[in-house]
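# Architecture and fold: a report
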Amino acid sequence: MKKEISKKKLIRTIIICVVFAALLAGLIYLMVSDQDYGSPDRLEIGSQSFGQRLWIGLQVAFLGLATVFLMLILLILAVNIIKLIFMGFAQLKENRKNKTKVQPAVETRSVSNSVEVSDDDEIVVAITAALTAYYDAQEVEYKSNLKFKVRSIKEI
């Protein structure tokens, strides 16, 4: 009996192997490489004037900040890409469909001719219908702070 490997598991395994190999290669390079970083004051910063040293310090600070923010942006992009891979593109499409799902139309009822409805009642009914349609479209559960609930409305 053969086990079938899904595409998601295969992609995850490949990503984990690539990341592990990159980390291992970096560690090996750091252990093996013998870099000559030069003398501590190769630029002779100590013999320069205060203004020149301040300018060099500002350049170093700017480069450091720019590097940090660039790496943060790259990390955010990498996390989003990995999230897309792990979530699966099918699930993203399903979520998008659920968000754009059309809500059913609000039922309208006609008022019979025998019952007189004043203008104020029509306004109240229109506002209530608009609020109901709004909350149904938003899928928000409306919680009232009132201590009673309307269970039914009967026509008199």
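Note: the structure precedes this text.
Since the model is a prediction, treat every value here as computed from it, not as a measurement.

The next point concerns the overall build of the protein chain. On a plain count of helices and strands, the protein chain comes out with 4 helices and 0 strands. What you see in the protein chain, going N to C, is helices and strands ordered as α-α-α-α. The buried share of the protein chain, taken over its 156 residues, is 1%. Surface summary for the protein chain: the accessible area is close to 15800 Å², and the carbon and sulfur share equals 64%.

Let's shift gears to a positive patch on the surface. A cluster of basic side chains, namely Lys93, Arg96, Lys97 and Lys99, defines a positive patch on the protein surface. Position of Lys99 relative to the elements: it lies in helix α3 (residues 89-99).

A few words on a nonpolar patch on the surface. Together, Phe20, Leu24, Ile28, Met31 and Val32 line one region of the surface with nonpolar side chains, adding up to about 570 Å² of accessible area. Mapped onto the secondary structure, Met31 falls in helix α1 (residues 7-32).

So, on to a negative patch on the surface. A contiguous patch of negative charge, built from Asp119, Asp120, Asp121 and Glu122, is present on the exposed surface. In this fold, Asp119 is placed in helix α4 (residues 119-138).

Thresholds applied
Residues numbered from 1 in each chain as written. Predicted model: local features only at pLDDT ≥ 70, side-chain atom pairs only at ≥ 80, totals over all residues. Heavy atoms only, no water. Helix = DSSP H or I, 4+ residues; strand = E, 2+ residues; numbered from the N terminus. Buried < 20%, exposed > 50% of the residue type's maximum accessible area, 1.4 Å probe, protein only. Areas by Shrake-Rupley, 256 points an atom, 1.4 Å probe, with all protein chains shown as cover. Patch = residues over 30% accessible without salt bridge, like charges linked within 9 Å, V, L, I, M, F, W, Y side chains within 5 Å. Salt bridge = Lys/Arg side-chain N within 4 Å of Asp/Glu carboxyl O. Lys, Arg positive; Asp, Glu negative; His and termini not counted. Charge placed at Lys NZ, Arg CZ, Asp CG, Glu CD.

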